[in-house]
Amino acid sequence: MSQDFSAEQKRYLEGFAAGAAATRVVAPPAAAAPVPTGPDAPHLAAQDAQVKAGGKLVDAEKWKRDEHPFDAYARLTREAATGKLPGPADNFRWRYHGLFNVAPAQESFMLRMRIPNGILKAHQLAGCADLCERHGGGYLHVTTRANLQMREIRPESVKPLLEELMDLGLVARGSGADNIRNVTGSPLAGIDPTEILDTRPLARDWHFHILNERVLYGLPRKFNVSFDGGGLSPALEETNDIGFQAVRVTEGPEAGIRLRLVLGGISGHHDLARPTGVFCRPEEATAIADAIIRVFIDHGDRTNRNRARLKYVLDAWGFDRFLGAVEDKLGRTLTRIDEALVAPRPATDRYAHVGVHPQRQAGLNWIGVVMAVGRITGDQARGLAAVARDCGDGDVRLTVWQNLILSGVPDGRLAEAEARIAALGFSTRPTPIRAGLVACTGNAGCKFAASNTKKHALEIADHVEARVTIDVPVNIHLTGCHHSCAQHYIGDIGLIGARVPVNEDGDTVEGYDMVVGGGFAEQARIGRPLWKAVKAEDAPRHVEALLRAYLAHRTGPSESFQ
Ligand code: SF4
């Protein structure tokens, strides 16, 4: 029997097999259901166990069982070539290949890539610019997982697009549906003068591990993993199902650089990842994350999508039982370290992802480019790629703040690089409002959205910048629905899309519920509800009022918005 089965599953499968054998005495073999085998066996066995316990599988689980999305690729591409957009079951399967039918918001596909640690090469960004013009709407979005999305893709284009993406050395496999999403890491990895650990090798190892382990495509729901190197610009690992935080252990047999394991982050469900007491060496991270996910595959809820995330297994079991199951999978105990032996992590800088900063490498700099809620045209992407190649080290670093960073720019090329960036329509010197302005796709491209988040975010910025002089960083996050892609709960000010009634006939307009006081990194906190059903047209004045109240009542600039 495969070593991928938990002890509980093995007992169940042995019982199942024994029962089937007994049945053969009185019934023909055809009556016995097959025992799952192969790399899909763990999730099929988990489905069987939950059905046997009286549960009813959700549609997504049935679709996976009827035809695994990877086995459906040839059929899906054949059907797309006829110009047809897929229905719900095949739309779900397409997401395993990184493509989403986003009708009715847009009668087309959206492509989401995978960019480990958010870092790609200049030629890859320039290639994406060409692809979005040839196969999509001519623009790209930088997402809140330091990733790129491309929209308005015709069905006939999806197969050539996926192939040409691979020609660039980029993949989209597993970037949607019930899969492990793009791995994030510290955006300044390797160039940050204060970082404890360069997260790039960790993100790369995890990226290739999950791409090549089919078992890890059997999850009950989506899953996020992040590595934070402990430097100036945070990776927001506390909002992930698994977060690894680089720390320095000061004494004892484990003294040195370690990763603290935090689990269960899902800000849309009001939870940030919590420390487990477990620490590991950097080279152990992939194996530990793999074991955690295998436990989740065995025990995550496949009968209720709202409770199918890791948080709910942790809530039901507690850390002790869960980590015991992880140790069973690993075949060894995990290392616990007393927090008293762990040094405080370096302070983060909420402006590190924007503007010019000296690198750890003498004479070199990074330039954080401010983007309007992550949107970038093909021409702009090609232009930035050229600046990265001509003036920098050729790396383009996407961030969870929906902007990008060009690294390795010598002191003597800074003026040229900044001038070329400005000529492309971007700033490197943002206001505090624009440095922390984050918005999900919104109803211009996502059917779940109640409001046009990107448009309203820019309206808010225009309004408050003209009226309030703010001297501290302020994060304003707009998210279109409870899926919380823009993480409104960790913004200083968060807005979640809501339809706002305007009369007794049931007519509604776009609007938001508002939360305040969220935070991240050393100020990690879930925001508190403040106002409900604010019309979108009134949102800028509400944000202005909050900022004025903060300025009027704070004890000084060092007092945070929280
Ligand atoms: Fe769509 Fe909701 Fe995500 Fe916004 S938060 S992109 S509306 S799913």
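Per an unreviewed UniProt entry, the chain is named NAD(P)H-dependent nitrite reductase catalytic subunit, and its organism is Phreatobacter oligotrophus. In its Sequence similarities (unreviewed entry) section, UniProt records this for the chain: "Belongs to the nitrite and sulfite reductase 4Fe-4S domain family."

Q: So what's going on with the overall build of the chain? Which residues, and what values?
A: A count of helices and strands for the chain gives 15 helices and 21 strands. Over its C-alpha atoms the chain spans a radius of gyration of 24 Å, differing by no more than 12% from the 24 Å that the globule rule assigns to 562 residues. Across its three principal axes, the chain shows a C-alpha extent of roughly 80 × 65 × 55 Å. Residues classed as buried in the chain amount to 51% of the 562 residues present. By sequence separation, contacts in the chain at least 24 residues apart represent 67% of the contacts at least 6 residues apart.

Q: Give me the lowdown on the packing of helix H14 (residues 453–467) against helix H15 (residues 539–553), citing residues and values where you can.
A: Across the interface, H14 lies against H15 with an axial gap of 9 Å and an inter-helix angle of 45 degrees. As the angle between them shows, H14 and H15 are arranged oblique. In terms of crossing hand, the pair formed by H14 and H15 is right-handed. Across from His 456, Glu 459, Ile 460, His 463, Val 464 and Arg 467 in H14, the residues of H15 making contact are Ala 539, Pro 540, Val 543, Glu 544 and Leu 547. Among the residues making up the contact of H14 with H15, the classes are represented as six nonpolar, two polar and three charged.

Q: Account for the site of the ligand, naming residues and giving values.
A: Every residue close to the ligand is listed here: Cys 440, Thr 441, Cys 446, Phe 448, Ala 449, Thr 479, Gly 480, Cys 481, His 483, Ser 484 and Cys 485. For the shell around the ligand, the residue count by class is six nonpolar, five polar and no charged.

Q: Any details on the sheet that holds strand S19 (residues 493–501)? Residues and values, ideally.
A: Read from one edge of the open sheet, five strands run S17-S18-S19-S20-S21, paired in mixed fashion. The open sheet has two free edges, formed respectively by strand S17 (437–439) and strand S21 (528–535), since each of these has just one partner strand. This sheet shows a mean twist of 25 degrees between the axes of neighbouring strands, independent of strand direction. Two elements, strand S18 (residues 476–479) and S19, share four bridges in a ladder whose sense is parallel. Residue pairing for S19: Ile 476 is matched across the bridge by Ile 493.

Q: I'd like to hear about the UniProt feature "domain: Nitrite/sulphite reductase 4Fe-4S" (unreviewed entry) in the chain, residue by residue, with values.
A: UniProt records the feature "domain: Nitrite/sulphite reductase 4Fe-4S" (unreviewed entry) for residues 177–332 and 437–553 in the present numbering. Taken end to end, residues 177–332 comprises 31% helix and 19% strand; its first and last C-alpha atoms sit 32 Å apart. Split by type, residues 437–553 is 26% helix and 28% strand. Its first and last C-alpha atoms lie 23 Å apart.

Q: Summarise unusual backbone geometry; cite the residues concerned and give the values.
A: Note that the residue after Ala 103, namely Pro 104, is joined by a cis bond; omega there is 5 degrees. Summarising the element assignment, Pro 104 is placed in the loop between strand S1 (99–101) and strand S2 (109–112). Phi at Val 373 is positive, roughly 40 degrees, even though this residue is not glycine. Positionally, Val 373 belongs in the loop between strand S13 (364–369) and strand S14 (375–377).

Q: Let's hear about the sheet that holds S2: which residues, and what values?
A: Here five strands make up an open sheet; going across it, the order is S1-S2-S5-S4-S14 and the pairing antiparallel. Every other strand in the sheet has two partners, leaving S1 and S14 as the edge strands with one partner each. On average, adjacent strands in this sheet sit at an angle of 25 degrees to one another, irrespective of strand direction. Direction of pairing for S1 relative to S2: antiparallel, over a ladder of three bridges.

Q: I'd like to hear about the nonpolar core, residue by residue, with values.
A: One broad rule of soluble globular proteins: the nonpolar side chains tend to lie buried together. If you look at the biggest cluster of nonpolar residues, it comprises 152 residues, and the most contacted ones within it are Leu 125 and Leu 406. In terms of residue count, helix H9 (residues 285–299) provides more of this core than any other element does, nine residues in total. Excluding residues that lie within four positions of it along the chain, Leu 125 makes contacts with Leu 120, Ala 381, Leu 384, Ala 385 and Val 396.

Q: Can you explain helix H5 (residues 88–95)? Please cite residues and give values.
A: Extensive coverage of H5 is indicated by the burial of six of its eight residues. The set of residues buried in H5 consists of Asp 90, Asn 91, Phe 92, Arg 93, Trp 94 and Arg 95. Tucked inside the fold, the buried residues of H5 contact helix H3 (59–66), helix H4 (73–80) and S1.

Q: Break down the environment of Ser 407 for me, citing the residues and quoting the values.
A: Here Ser 407 is to be found in strand S16 (residues 404–410). Beyond its immediate stretch of four places on either side in the chain, Ser 407 contacts Ile 191, Gln 359, Trp 366, Gly 392, Asp 393, Asp 395 and Arg 397.

Q: Account for the pairing of strand S4 (residues 139–142), naming residues and giving values.
A: In the sheet, S4 pairs with S14 via three bridges, with the strands oriented antiparallel. Its bridge partner lying in S14, His 141 is registered against Arg 375. Here S4 runs beside strand S5 (residues 148–153); their pairing, made up of three bridges, is antiparallel. Within S5, the position partnered with His 141 by the bridge is Gln 149. Here S4 hands over to S5 after five residues, with Ala 146 in that stretch at a positive phi of 50 degrees.

Q: Before we move on, can you summarise the environment of Asp 328 with the specific residues and values?
A: One can find Asp 328 in helix H10 (residues 310–330). A tally of 15 C-beta atoms within 10 Å means that Asp 328 is categorised as partly exposed. For the pair Asp 328 and Leu 478, spaced 150 residues apart in the sequence, the C-alpha separation amounts to 41 Å.

Q: Now, about the environment of Leu 424: what can you tell me, with residues and values included?
A: Residue position: Leu 424 is located in the loop between helix H12 (414–423) and helix H13 (432–435). Leu 424 sits in the partly exposed class, given 17 other C-beta atoms within 10 Å. For the pair Leu 424 and Leu 384, spaced 40 residues apart in sequence, the C-alpha to C-alpha distance is 7.8 Å. Beyond its immediate stretch of four places on either side in the chain, Leu 424 contacts Gln 380, Gly 383 and Leu 384.

Cut-offs and rules
Residues numbered from 1 in each chain as written. Predicted model: local features only at pLDDT ≥ 70, side-chain atom pairs only at ≥ 80, totals over all residues. UniProt positions renumbered as here; feature names shortened; annotations may be inferred. Helix = DSSP H or I, 4+ residues; strand = E, 2+ residues; numbered from the N terminus. Rg over C-alpha atoms; globule rule 2.2 N^0.38 Å. Buried ≥ 20, exposed ≤ 12 C-beta atoms within 10 Å, placed from the backbone. Contact = placed C-beta atoms within 7 Å. Axes fitted to C-alpha atoms, helices over the stretch in contact; angles between N-to-C directions. Parallel < 35°, antiparallel > 145°, perpendicular 65-115°, else oblique. Left-handed = near helix turned anticlockwise from the far one by under 90°. Nonpolar A, V, L, I, M, F, W, Y, C, P; charged D, E, K, R; others polar. Near = placed C-beta within 6 Å. Pairing = 2+ DSSP bridges. Core = buried A, V, L, I, M, F, W, Y, C linked by C-beta atoms within 7 Å.

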